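Structure assessment
Residues per chain are reported as follows:
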Amino acid sequence: MTPRLRILSNVIERLGKLKTAVTGHVYGVMCESALTVLAFSVESNNEEQEEATISNVNLQLSMPVEIDLLGVLFVDQCEQKIPDAFQDIDVTDNPLILKYWTKDSSVQPFFYIHQKLETAGDFEIVSEDYVCQHFVYIRLLASLPLIAERDNIVDTLQESRKKIASGKVAFHFPQNNVYLFGNDTDGNLKENSAKEILNSVNSQDNSGNQKNTGKSSSHLVNAVPVDMLLKLSNDKAADGAAKYAPVIHQQTRRHFDYLVFNLKIDALSLVERNTTLSRLYEVLVESVCRNLRLIGMSFEEQIKNDTHEMRLPIPMHFKPTDFGHLLTISYLVGSTAKENSEYRMSLHKTLALGMTRPIFREGNAVKFHSDLSNNEPLFNPHEAITVSNTPPGKISLVYGCYSYHHYMQDNFDDNGWGCAYRSLQTIISWYRLQGYTEKSNLSHKDIQKCLVEIGDKSASFIGSKQWIGSTEVGFVLETLLNISIKVLCASSGDEMQNLVPNLAYHFETQGTPVMIGGGVLAHTILGVSTNDITGEVRFLILDPHYTGAENISTIVNKGWCGWKTKDFWKKDAFYNMCLPQRPYCF
């Protein structure tokens, strides 16, 4: 009997974007005695391009523990040497062969059972909601003190992995105040379900106000936090055990180049919600070991390149759009996008993610709810708008992630004059969170200095409370972010509805927030909708005039972020819109 098979809808959608014959691998999880495919990688048939892809072993180090290699992928071609392709698969006795045909977009799965191919039969296509219902991310943060000779640092990391794998660590779940020990002799406890620990992520409200923002953002992730404790002392020697005197070996006339540092561990696992405590302990151990192997690769590369000054690797987590799970990448402290470009290019090619948008720059790294503070700007408040408050018809929205900037933030009083500055800050946050820039957000004074330096304003403008409009917003974006902008104009509020097709095209092709200035007010447009039956149009407005706390309920329910009719615009006002353009890069 062949196993049951589920395939994430994202996988089907991404396969549909492939245009050439390739081979590759499929990855996923075991759940309810079924294989669930979450992602795939590809290998080019071109030898030159194949060098630019990442090996399956190295790629798996970037995946959360419990996501494993399930089988192979063949796009528009027949398989060869099937048994050899399955040598790295150990999560299932029935490896998967997934065939995809671009001509008719058909998927044909097979299982390799007793050295024969058997059709998988009907398979279920599931959404990301299925993954959220049955699995939960666990994020393990720890600091590992290490002392190592420069050339032996990889060996030192290996010794640390052995120590951790031997059970000389414990784990603490701060939300439940639960400790998990490797040498727990209470078998009944260890076989108990970990459901209480794992379901705590559903009720957490770490930011105080970011809770219940509608659908999950690609930049905001819920994960169960866990700490790691290292065992520093030895067990008490049993009676009759051999005892040895300490031995000190002194070596003179040799130069030792030692590194002393605290290594940051930031490890992920994707755990089935009904797993047992004993299995949970094993998963956490494996997540630390996998993280150390990933970090070790960064040290190996530095040693190979004979880097003069060793830099610490820092793990970061990413969630590419329409990808089935998070990925962890280790970047060196202080490294730039230019330094990482070759590695990022190989990731794009291996994961078939295209080369038109940044995905693995530092700005693209996800944020976890547990990291957010109460006074931090909210991310994507429009995602908290309920379906009942969303207009019917065709909707075109901002792409990706941004942070909401408004009056009185950062302990700075700009009430009555800073709305365009705040709209500009929201736009800059979009470019930073999409990885297009590494610039931190600009203060009002930074914006004013820029306009003075390019000759648009006099020196007295710096430190003033003078307004700016869409023209000045465009100047700053062009100067500091080196991007181009387009301009739309409406001679009156009534004319705004005629520009909805232009705005819809902008959101569908560029996806950036739009700053609009008219009269004495400035706003940010996040989307538009058109009802073909009634002809009614709506504008999704993010209002920078809000002066309250970062409370998502207030902001959405009181209309500071919400859908507005054409009557929102004043009939006697002239409106200019700044439409920032998206660079094509990776």
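Computed from a prediction, not measured in an experiment: that's the story for all the values here. (Residues numbered from 1 in each chain as written. Predicted model: local features only at pLDDT ≥ 70, side-chain atom pairs only at ≥ 80, totals over all residues. Heavy atoms only, no water.)

**A short note on the packing of helix α13 (residues 444–453) against helix α14 (residues 470–480)**
Closest axis-to-axis distance for the α13/α14 pair is 10 Å, and the angle between their directions is 85°. Looking at the two axes, α13 sits roughly perpendicular to α14. Facing Ile-447, Cys-450 and Leu-451 of α13, the residues of α14 in contact are Glu-472, Phe-475, Val-476, Thr-479 and Leu-480. Broken down by class, the residue content of the contact of α13 with α14 amounts to six nonpolar, one polar and one charged. (Axes fitted to C-alpha atoms, helices over the stretch in contact; angles between N-to-C directions. Helix = DSSP H or I, 4+ residues; strand = E, 2+ residues; numbered from the N terminus. Parallel < 35°, antiparallel > 145°, perpendicular 65-115°, else oblique. Contact = heavy atoms within 4.5 Å. Nonpolar A, V, L, I, M, F, W, Y, C, P; charged D, E, K, R; others polar.)

**As for the environment of Gly-519**
Inspection of the secondary structure assignment puts Gly-519 in the loop between β20 (514–518) and β21 (521–530). Setting aside anything within four residues of it in sequence, one finds Gly-519 in contact with Ala-573 and Phe-574.

**As for the packing of helix α12 (residues 419–433) against α14**
Between α12 and α14, whose axes approach to 10 Å, the crossing angle comes to 35°. Once α12 is placed against α14, the crossing between them reads as right-handed. Contacts between α12 and α14 involve Ala-420, Leu-424, Ile-427 and Ile-428 on the former and, on the latter, Val-473, Val-476 and Leu-477. In terms of residue class, the contact of α12 with α14 is built from seven nonpolar, no polar and no charged. (Left-handed = near helix turned anticlockwise from the far one by under 90°.)

**Some words on the side chain of Asn-380**
Assignment of secondary structure puts Asn-380 in the loop between β17 (367–368) and β18 (394–397). At 2.9 Å, the side chain of Asn-380 forms a polar contact with the backbone nitrogen of Tyr-402. (Polar contact = N/O pair within 3.5 Å; in protein donor to acceptor, adjacent residues only side chain to side chain.)

**Description of the side chain of His-545**
Tracing the sequence through the fold places His-545 in the loop between β22 (537–542) and α16 (552–557). A distance of 2.5 Å separates polar atoms of two side chains, one belonging to His-545 and the other to Asp-543. When sequence neighbours within four positions are dropped, the list of residues in contact with His-545 reads Tyr-407, Cys-419, Leu-521, Ala-522, His-523 and Trp-560.

**Some remarks on the packing of aromatic side chains**
All told, the structure shown has 15 aromatic pairs when counted by the stated rule. With a centroid separation of 5.8 Å and an interplanar angle of 70°, the aromatic rings of Phe-318 and Phe-360 are classed as edge-to-face. Taken together, the residues span a long stretch of sequence, with Phe-318 in strand β15 (residues 313–318) and Phe-360 in the loop between α11 (341–350) and β17 at a distance of 42 residues. The pair formed by Phe-318 and Phe-360 is uniform in burial state, with each residue classed as buried. Through a chain of ring-to-ring contacts, three or more aromatic side chains come together here, namely Phe-539, Phe-568, Trp-569 and Tyr-575. Positioned above the aromatic ring of Phe-40, the side-chain terminus of Arg-14 is 4.2 Å from the ring centre. (Phe/Tyr/Trp six-rings, centres within 6.5 Å; stacked < 30°, edge-to-face > 60°. Buried < 20%, exposed > 50% of the residue type's maximum accessible area, 1.4 Å probe, protein only. Lys NZ or Arg CZ within 6 Å of the ring centre and 35° of its normal.)

**Things to note about the environment of Glu-453**
In this structure, Glu-453 sits in helix α13. Along the backbone, Glu-453 and Thr-479 are 26 residues apart, and their C-alpha atoms lie at a distance of 10.0 Å.

**Points about the sheet that holds strand β9 (residues 135–149)**
Strand order in the open sheet formed by five strands is β11-β10-β13-β9-β14, and the pairing between neighbours is mixed. With partners counted over all chains shown, the strands left at the sheet margins are β11 (178–181) and β14 (258–272), one partner each. This sheet shows a mean twist of 25° between the axes of neighbouring strands, independent of strand direction. The pairing of strand β10 (residues 169–173) with β11 spans four bridges and is antiparallel. Note on β11: the bridge partner recorded for Phe-171 is Leu-180. Sitting on the sheet, helix α6 (residues 153–165) is in contact with β9, β10 and β14, with an inclination near 130° to β9. Sheet strands touched by helix α10 (residues 277–304): β9, β10, β11, β13 (224–230) and β14. Its angle to β14, the strand with the most contacts, is close to 135°. (Pairing = 2+ DSSP bridges.)

**Describing the pairing of β22**
The element β22 is extensively covered by neighbouring structure, given that five of its six residues are classed as buried. By the bridge criterion, four bridges tie β22 to strand β23 (residues 561–564) in an arrangement that is antiparallel. When the sheet's bridge partners are listed, Phe-539 is paired in β23 with Lys-564.

**Observations concerning helix α15 (residues 500–509)**
Listed in full, the buried residues belonging to α15 are Val-500, Leu-503, Ala-504, His-506 and Phe-507. Down the axis of α15, the smallest arc covering the buried residues is 160°, so these residues share one side. The exposed set on the far side of α15, more than 90 degrees from its buried face, consists of Pro-501 and Tyr-505. Of the surrounding elements, those touching the buried residues of α15 are β18, β19 (485–490), β20, β21, β22 and β24 (575–580). Backbone geometry just after α15 places Gly-511 at a positive phi near 80°. (Arc of directions from axis to C-beta.)

**Comments concerning empty space enclosed by the protein**
A complete count under the given rule lists four cavities of 30 Å³ or more for this structure. Roughly 60 Å³ of volume is contained in the largest cavity. What lines the largest cavity is a set of 13 residues, among which Leu-61, Met-63, Leu-268, Asn-291 and Thr-328 lie closest to the centre. Mapped by element, the contributors of at least two residues to the lining of the largest cavity are β14 and α10. Examining the composition of the lining of the largest cavity, we find that four residues originate from one element, α10, more than from any other. Partitioned by chemical class, the residues of the lining of the largest cavity number seven nonpolar, four polar and two charged. (1 Å grid on protein atoms, 1.4 Å probe; cavity = no way out; pocket = protein on both sides within 12 Å on 5 of 7 lines; lining within 4 Å. Points joined across faces, edges and corners; volume = space filled by probe spheres on them.)

**Focus: unusual backbone geometry**
Notably, Ser-105 is not glycine yet its phi reads approximately 55°, a positive angle. With respect to the element layout, Ser-105 can be found in the loop between β5 (96–101) and β6 (106–113). Even without being a glycine, Ala-352 presents a positive backbone phi close to 55°. Residue class for Ala-352 comes out partly exposed when judged on its relative accessible area of 27%.

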